[in-house]
Each structure stands twice: as C-alpha cells, then as structure tokens.
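Descriptive analysis of the structure
Okay, here's what each chain looks like letter by letter:
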Amino acid sequence: MRLSAMGDVAMTVPVLRAFVKQYPTVKLTVISRPFFKPFFDGIPNLEFFAFDEKERHKGFLGLVRLYNDVKKLKIDAFADLHNVLRSKVVSLLFALSGKKRATVDKGREGKKELTRAENKIFKQLPTMFQRHAKVFEELGFPLDLSNPSFPEKAVLSAEILEIIGGKNQKLIGIAPFAQYDSKVYPIDLMKEVISILAKNQSYKILLFGGGKKEIEILDSLSQPYENVINMAGKIKFQQELQLISNLDVMLSMDSGNAHIAAMLGVKVITLWGATHPYAGFLPFNQSLENALTSNRNQYPQLPTSVYGNKVVEGYKDAMRSISPKDIVEKIQLSI
C-alpha cells in the first residue's frame with residue numbers, strides 16, 4: 001500500500017468528522033479500499049463502501065458497476081476528494097444522472113510555482129483540509145474546521161500491552177520512513193535522535209514501519225535499548241491505529257504516518273526534505289513550528305517537489321541540515 005495513498009485517505013478523516021458533527025442529519029458514504037475501513041470506524045452517520053479494485057470494480061465497466069452499486073444507496077450528491085481518473089468517471093456518471101457533484105481542486109498551478117527552481121513563489125498554499133472543506137461548501141455544506149473533535153484514545157489490548165511492556169512511560173512514536181528517499185531523515189542521524197531519547201527512562205520509544213528491509217533497519221535501531229521497541233510486523237493495522245492513538249507524540253517524515261497520528265488527535269513533529277509544509281500537507285491541527293524543514297539558505301531551491309519524487313543534483317543531503325538536537329528538543333517540548 002503506497003504511503004501517499006494512506007496519507008490521502010487519512011487527510012479526509014478530520015474533515016468528515018467535522019461534517020458529521022455540523023450536519024448530524026446528513027448521512028455520508030465513503031468509498032475506499034477495504035484496507036482503509038478502520039480509519040472511519042466509530043464516525044456516526046458514516047457508512048463505509050468497499051471499493052473492489054481487483055475484481056468487481058476493475059476497469060471502466062467495473063466503475064460503471066461501482067456507480068450502480070452506490071446509486072442503490074440513494075445518493076443525493078457526490079464529493080470527489082481524490083480527483084483521479086477513476087473518481088472522475090464515477091463523479092461524471094452521478095452528474096449525468098442529475099446529481100450534484102463537486103471535485104477537489106488540488107491547486108496544481110500553485111504547487112508548480114512553489115517547487116520550480118526559477119522564479120519560485122514561496123508562500124503558504126491552502127491546506128488539503130481547506131480544499132476538502134471547499135468541496136462540501138460547493139455542495140451546500142460549509143464547514144468550520146477550527147474546533148475539531150477527535151476519537152477517544154483506544155483501550156489497548158493485553159497483546160499490545162505485553163509487546164510494549166505496559167503503559168506507565170511517555171509513549172513516543174517514530175516513523176522514520178517515507179515513500180521517497182528525499183523525504184527520509186538519514187538513518188545515522190535518526191540513530192542519534194533515538195540514542196538521546198532512550199537515555200530518559202521515563203520515555204518508551206515505539207518504531208513504526210513495514211516491509212522486510214524497513215523491519216531490519218528498525219530492529220537495528222531498537223536493539224541496543226530496552227525502552228525502544230520495533231512495532232513493525234508485530235501487530236495488525238487496526239491495532240497499530242489503537243496504539244498510535246495512545247502516543248504522547250509522533251515523530252514522522254512527510255508521510256502517511258504523520259496524517260494517521262494527526263487524525264487521531266496526537267501531536268506530530270514532522271521532518272521535511274525535498275518537500276515543504278507550504279504545499280498544503282502539514283498534518284491536521286498541527287503547528288508549523290513543529291514542522292522542521294531543511295535549511296533553505298543552504299538549499300535555496302527547496303522545496304524541489306510536492307511529493308518528493310523529483311531528484312535534484314546536490315540536494316541529496318538536504319535533511320542533514322536538520323539537527324538531531326533540534327528534533328529531540330521539539331519532542332521534549334511536546335510531551
């Protein structure tokens with residue numbers, strides 16, 4: 001599962017929570033992959049419809065089937081929060097049947113201006129949350145995102161408590177990976193961050209990731225310390241969400257884990273390499289002060305990319321300009 005896709009879906013959750021709170025008589029149906037269902041558990045008046053991309057809803061005819069399946073739920077309006085080919089097709093089918101529809105504006109022009117090397121326009125763009133809210137406003141449901149509500153911290157199962165050894169310390173989550181290398185803080189510096197934090201026995205540091213290579217790296221990072229635990233591959237995704245909801249703070253790259261923690265109301269410290277929070281992907285309800293960015297005096301072309309997928313010569317070490325001590329200090333101030 002691509003982390004960016006995970007982040008895209010996680011970013012819709014706070015907006016949908018605001019919607020059901022402000023319009024309690026309106027029913028929402030979310031169409032997404034079955035994997036993401038746990039994101040929406042417990043949200044009132046929200047029904048989850050599983051998109052079967054491999055069989056029933058595959059290809060153009062599959063999208064027509066999806067439209068027919070969803071139409072049975074007596075949909076009055078269609079909000080396209082994704083703006084990709086598949087969602088556009090379904091949105092068009094609803095429009096042709098006379099239903100209201102609105103599509104998220106991803107602000108591609110502004111993002112080009114922010115990330116280009118020449119004549120860069122370095123300014124804060126609307127956040128994805130503001131863009132999502134605008135979709136609902138176009139459908140006649142203006143939203144106020146200024147007073148958000150979050151789910152209660154989950155009750156941790158005996159299985160999770162056994163792995164983490166109880167919950168009598170401050171829980172610090174660290175998710176050191178991202179989809180692209182240009183967004184990943186150098187592992188030797190991350191080791192330094194973990195080493196400083198691990199000296200404080202009132203902290204328990206939980207490492208998050210997935211995949212064989214990442215698990216091996218996380219094992220090497222946790223191995224020297226009693227109070228550092230690699231959670232990757234040990235619990236199911238739903239349990240991971242429950243654990244993240246109990247964190248005191250999450251340290252993450254510009255990645256899906258940052259948005260998952262934020263949608264659960266957890267404080268998030270983010271690290272930015274080739275990308276920048278001005279593109280609109282600062283996690284929900286988080287402070288810009290807690291987004292540590294690479295040094296633009298040393299690397300004036302930053303941000304060089306919206307998603308981190310563009311390689312720029314000479315910018316490989318941009319994240320080394322973020323000091324481990326500054327990261328630790330932000331974490332300590334957030335707990």
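Refer to the preceding data block for the structure.
Residues numbered from 1 in each chain as written. Predicted model: local features only at pLDDT ≥ 70, side-chain atom pairs only at ≥ 80, totals over all residues. Heavy atoms only, no water.

Our focus in this paragraph is the overall build of the chain. Each helix and strand in the chain was counted, giving twelve helices and ten strands. Taken over the C-alpha atoms alone, the chain extends approximately 60 × 55 × 40 Å along its principal axes. Across the 335 residues in the chain, those meeting the buried criterion constitute 50%. Of the accessible surface of the chain, which amounts to about 16,500 Å², a share of 51% is contributed by carbon and sulfur atoms. The positive charge centre, built from 45 side chains, and the negative charge centre, built from 34, are 5 Å apart in the chain. (Helix = DSSP H or I, 4+ residues; strand = E, 2+ residues; numbered from the N terminus. Buried < 20%, exposed > 50% of the residue type's maximum accessible area, 1.4 Å probe, protein only. Areas by Shrake-Rupley, 256 points an atom, 1.4 Å probe, with all protein chains shown as cover. Lys, Arg positive; Asp, Glu negative; His and termini not counted. Charge placed at Lys NZ, Arg CZ, Asp CG, Glu CD.)

Moving on, we get to the pairing of strand β4 (residues 100-103). Direction of pairing for strand β3 (residues 77-80) relative to β4: parallel, over a ladder of four bridges. Note that in β4 the partner of D80 across the bridge is T103. With helix α4 (residues 85-96) bridging β3 and its parallel neighbour β4, the resulting β-α-β unit is right-handed. (Pairing = 2+ DSSP bridges. Right-handed = clockwise from strand over helix to strand, strands pointing away.)

Following the criterion strictly, the structure yields 17 aromatic pairs and no others. When the ring of Y23 is compared with that of F141, the centres are 5.1 Å apart and the planes differ by 85°; the resulting orientation is edge-to-face. Here Y23 is found in the loop between α1 (3-22) and β1 (28-32), whereas its partner F141 is found in the loop between α6 (128-138) and α7 (158-164), with 118 residues between them in sequence. Here F141 falls in the partly exposed class, since its relative accessible area comes to 22%. By the ring-pair criterion, three or more aromatic residues cluster together here, those being F35, F36, F39, F40, F48 and F237. Against the face of F122 rests R296, its NZ or CZ located 3.7 Å from the ring centre. (Phe/Tyr/Trp six-rings, centres within 6.5 Å; stacked < 30°, edge-to-face > 60°. Lys NZ or Arg CZ within 6 Å of the ring centre and 35° of its normal.)

Locating S222 in the fold gives a position in helix α9 (residues 212-222). Under the relative-accessibility criterion, S222 is labelled buried at 8%. Sequence-distant contacts of S222, defined by excluding residues within four places in its chain, comprise L207, V228, I229 and N230. (Contact = heavy atoms within 4.5 Å.)

With 13 residues, helix α3 (residues 59-71) should cover 18 Å at 1.5 Å per step; its first-to-last C-alpha distance of 18 Å lies within 8% of that length. Turning to α3, its buried residues are G62, L63, L66, Y67, D69 and V70. Relative to the axis of α3, the buried residues are bounded by an arc of 165° and lie together on one face. Exposed and oriented more than 90 degrees from the buried face of α3 are F60 and L61. On its buried side, α3 packs onto β1, β2 (46-50) and α4. (Expected span 1.5 Å × (residues − 1). Arc of directions from axis to C-beta.)

On to the sheet that holds strand β10 (residues 291-293), then. Ordered in space as β7-β6-β5-β8-β9-β10, the six strands form an open sheet in which the pairing is parallel. Both edges of this open sheet fall to β7 (228-230) and β10, since each of them pairs with a single strand only. The mean inter-strand angle of the sheet, taken between neighbouring strand axes irrespective of direction, is 20°. In this sheet, strand β8 (residues 249-253) lies alongside strand β5 (residues 170-175) in parallel orientation, the contact comprising four bridges. Each residue of the ladder has a partner; that of I172, found in β8, is V249. (Axes fitted to C-alpha atoms, helices over the stretch in contact; angles between N-to-C directions.)

With that settled, the discussion passes to the environment of R86. Checked against the element boundaries, R86 lands in helix α4. Those residues in contact with R86, other than ones at most four positions away along the chain, are R33, F51, E53 and L63.

Right, let's get into the packing of α3 against α4. Across the interface, α3 lies against α4 with an axial gap of 10 Å and an inter-helix angle of 50°. When the interaxial angle is binned, α3 and α4 end up oblique. Handedness of the α3/α4 crossing: right-handed. Packed against α3, whose contacting residues are F60, L63, V64, L66, Y67, V70 and K71, the element α4 presents R86, V89, V90, L93 and F94 at the interface. (Parallel < 35°, antiparallel > 145°, perpendicular 65-115°, else oblique. Left-handed = near helix turned anticlockwise from the far one by under 90°.)

Before going further, it helps to examine the pairing of β5. By the criterion of burial, β5 is predominantly enclosed, with five of the six residues buried. Sheet topology places β5 next to strand β6 (residues 203-207); five bridges connect them, and they run parallel. Within β6, the residue paired with I172 across the bridge is I205. With respect to chirality, the unit in which β5 leads through helix α8 (residues 187-198) into the neighbouring parallel β6 is right-handed.

Time to look at the side chain of R17. Mapped onto the secondary structure, R17 falls in helix α1. Here R17 is buried and forms no salt bridge, its nearest opposite-charge partner D41 lying at an N-O distance of 9.0 Å. (Salt bridge = Lys/Arg side-chain N within 4 Å of Asp/Glu carboxyl O.)

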